[in-house]
Structure formats: structure tokens, C-alpha cells
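Structure assessment
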Amino acid sequence: MSAEKQLFFEDFPLGARLEFGHYPVTKDEVIAFASAFDPQPFHLDEAAASRSLLGGLAASGWHTCAIGMRLICDGFLNITDGRGAPGIDEVKWLKPVRPGMILSMQAEVIGARVSQSRPSIGIVQFRLTLRDQTGTNVMVQENAIMIGRRGGKRQAHPHVKRESATPFLPFDDAGIIPPYHEMQIGQRIVLGSMSFTEQSVIDFARLYDPQDFHLDHEAAASGPFGALAASGWHTAACWMRLFVDTVKRSGTAVQSGPSPGFTNLRWLKPVYAGDTITYDTRATEKRMTSRPGWALVKAKNSGVNQHGAAVFEFESVSFWKVT
């Protein structure tokens, strides 16, 4: 399944720019992704979306990130000796992505260095700009990708040993989110757990992150994670699904709105096929905005696997309806 690797760390010098992609966004895909991972009305229903802050049906921000990942894979990553990414420094969702848009991407190298601990690889820092067919920027993302050096020895990470201990379950049941005025800074709210089946890992990767180590057992065994692992965007999208489910479970006094982006997303450990991840959220700051009836809430969010190991974290900001 592996494409022949043609690009290495040395092919991404500081200041290099790549332009690629032609991704038509359809209404069916917007709704399908939202139904699976972000079932908020402004991603699902045109009438409800027209009354929302987005002013019309729009793709989930996580869907936009996943489309960006697909463009990267098709544009250069699948012919590059990629070794994975530690996380995302920042994403800004600048404009709603709507059905009918055709998206393309510019990738600019804003940093490049050889790893001190693993000199066979380099770390390339990218600024990724997603644009619609008019050239309008709809998303900007900054993150590093680990890329093998030309002639460097490829070393696989050993597969994490399966532990036989009792699964780590911080709470028996997921919690609820209180209304804005009752929200306590620092309070941990468990959103629930998600199991990553082999089929779900492969299905997501086929659509949005078709790298061998997300698609094929044999290729994954010799890849950077040592076994079949979920796309990082799949891990993040499942957090979003459980967050939305928790908001709905919390009652009509709790209503979240769209988000302008996030920072400091880290994939701390691979999420392997068969793992179960428990997600949570903790508010770190809240304030009213100049928009009547709406506040902004900042939060730290994380996920742990069935053995209690942290696998995922990020810092979010989102609008909240104040009733």
C-alpha cells in the first residue's frame, strides 16, 4: 500500500511554499460528518443554521481540519517520509466553510531543524492556509511534522504492551455541564468514553487521513507507532462528539455555540485500534462578550486511555448562550 517516498526533510527548506488541492465541499458530506462527530443544529439543518451565529449551514471546524489533513496527504505527505505529528500549535477558523466551496491549501515552511534526540529525522514547522475558490482564507493552522532525513535509518516505535490490569474508569457515568452562571473554573466534567474499533479507525482514515499507519496492519507494524493507530483528527473529533452529547444531556439552559479555533493540541500517545478513551473538559476562563446574550468560555480538554495514560489534550474557546 505504501507510496514510494520521494520527499525527505531536506526537501522542506525554510521559506518553501507548496500550493495544492481541489476539494469540493458538499452538503451531504457536511451533514454526514456532523451527524457522526459534531451534531449541532448549525451543522445539520439549514433552517436552524440560518438563525445561528454562523448565518447558514456550515461545516464543523473539526471537519474543516480533517479536510485540510486530506489535502496535505494528497498534496505531499503520502510521498514524504512522514513520521507523524506531535500536535497542533494553533488553528483559527476564519470563515464558515459552506457547501459549494472548493478548498485548496498553501503550506509554508516557517521552521526546520534536525531532532537532537533522533538525528535521523527532522522537524518541519508549517503554516497551513486553507482557502476557498475565491482565494479567501477560511482557516489557518500551525504545526510541526516529523519527517525522515534522506538516507536516515527508519526506526519503528515498539508497540505499547497490552496491559491486563483493570481498565481505568475515572467515573461510572459521564457528567453534565452547568449553565454559564453556575460554571466553576477548574471543575472537571467527564464527557464519556469512546471505543476505537479497527473498522472505525480505518473508515475515518480512508476519508481524511490516508496514511499507511492508519490504514494497514502490516504497514503500521513497521511505521512510527508500531501498530494500527487512529488519526489524531479522529481522536479529536470523538472528543467533540461526546462534548456535544454532554451539552444536550445537560438541559435547555446549556447551549454552546461556534468556536473561533483552538490552541496547544497535543497527541501525547498513539490511540490504537481497540483502545477506549475517556474524555473530559475543565473551564479555565469565562467572560461576557459585546454580543448580547453570548459569553466566551475557555477550557482545557483531555483524554486518557483505558490504562489511565493521557493520550490527548487541547485548549478551546467557544461561545456560550447566556440565559
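See the structure above.
Quick caveat, the model's predicted, so the values are computed rather than measured. (Residues numbered from 1 in each chain as written. Predicted model: local features only at pLDDT ≥ 70, side-chain atom pairs only at ≥ 80, totals over all residues. Heavy atoms only, no water.)

Some remarks on the overall build of the protein chain
The secondary structure content of the protein chain amounts to 8 helices and 10 strands. Computed over its C-alpha atoms, the radius of gyration of the protein chain comes to 20 Å, within 12% of the 20 Å expected for a compact globule of 323 residues. Dimensions of the protein chain along its principal axes, counting C-alpha atoms only, are 60 × 55 × 35 Å. In the protein chain, buried positions account for 50% of the 323 residues. In the protein chain, once contacts between residues fewer than 6 apart in sequence are set aside, the share between residues at least 24 apart is 73%. When the accessible surface of the protein chain is split by element, carbon and sulfur atoms take 52% of a total near 14,700 Å². The centroid of the 33 positive side-chain charges in the protein chain is displaced by 5 Å from the centroid of its 32 negative side-chain charges. (Helix = DSSP H or I, 4+ residues; strand = E, 2+ residues; numbered from the N terminus. Rg over C-alpha atoms; globule rule 2.2 N^0.38 Å. Buried < 20%, exposed > 50% of the residue type's maximum accessible area, 1.4 Å probe, protein only. Contact = heavy atoms within 4.5 Å. Areas by Shrake-Rupley, 256 points an atom, 1.4 Å probe, with all protein chains shown as cover. Lys, Arg positive; Asp, Glu negative; His and termini not counted. Charge placed at Lys NZ, Arg CZ, Asp CG, Glu CD.)

Observations concerning the sheet that holds strand β10 (residues 310-321)
Spatially, β1-β3-β4-β5-β2-β7-β10-β9-β8-β6 is the arrangement adopted by the 10 strands of the open sheet, whose pairing is antiparallel. Both edges of this open sheet fall to β1 (17-24) and β6 (188-195), since each of them pairs with a single strand only. Neighbour-to-neighbour, the strand axes of this sheet turn through a mean angle of 20°, independent of strand direction. Pairing geometry for β1 and strand β3 (residues 102-114), over 6 bridges, is antiparallel. Bridge assignment links leucine 18 to a residue of β3, and that residue is alanine 107. Contacting β2 (87-93), β5 (137-148), β6, β7 (261-267), β8 (276-288), β9 (294-304) and β10, helix α8 (residues 232-249) crosses the sheet at an angle of about 125° to β6. (Pairing = 2+ DSSP bridges. Axes fitted to C-alpha atoms, helices over the stretch in contact; angles between N-to-C directions.)

With respect to the environment of alanine 34
By the element assignment, alanine 34 lies in helix α1 (residues 27-37). On the basis of relative accessible area, alanine 34 is assigned to the buried category, the value being 0%. The sequence separation of alanine 34 and tryptophan 62 amounts to 28 residues, and the corresponding C-alpha distance is 9.1 Å. In contact with alanine 34, not counting residues within four places along its chain, are Pro39, His43 and Leu44.

Observations concerning the packing of aromatic side chains
Counting across every chain of the model gives 22 aromatic pairs. Note on tryptophan 62 and phenylalanine 314: the rings are 5.5 Å apart at their centroids and 85° apart in plane angle, and the pair reads as edge-to-face. Residue tryptophan 62 is found in helix α4 (residues 61-75), and its partner phenylalanine 314 is found in strand β10; the two are separated by 252 residues along the sequence. Each member of the pair, tryptophan 62 together with phenylalanine 314, is buried. (Phe/Tyr/Trp six-rings, centres within 6.5 Å; stacked < 30°, edge-to-face > 60°.)

Take it as geometry only, folks, not as evidence of what the structure does.
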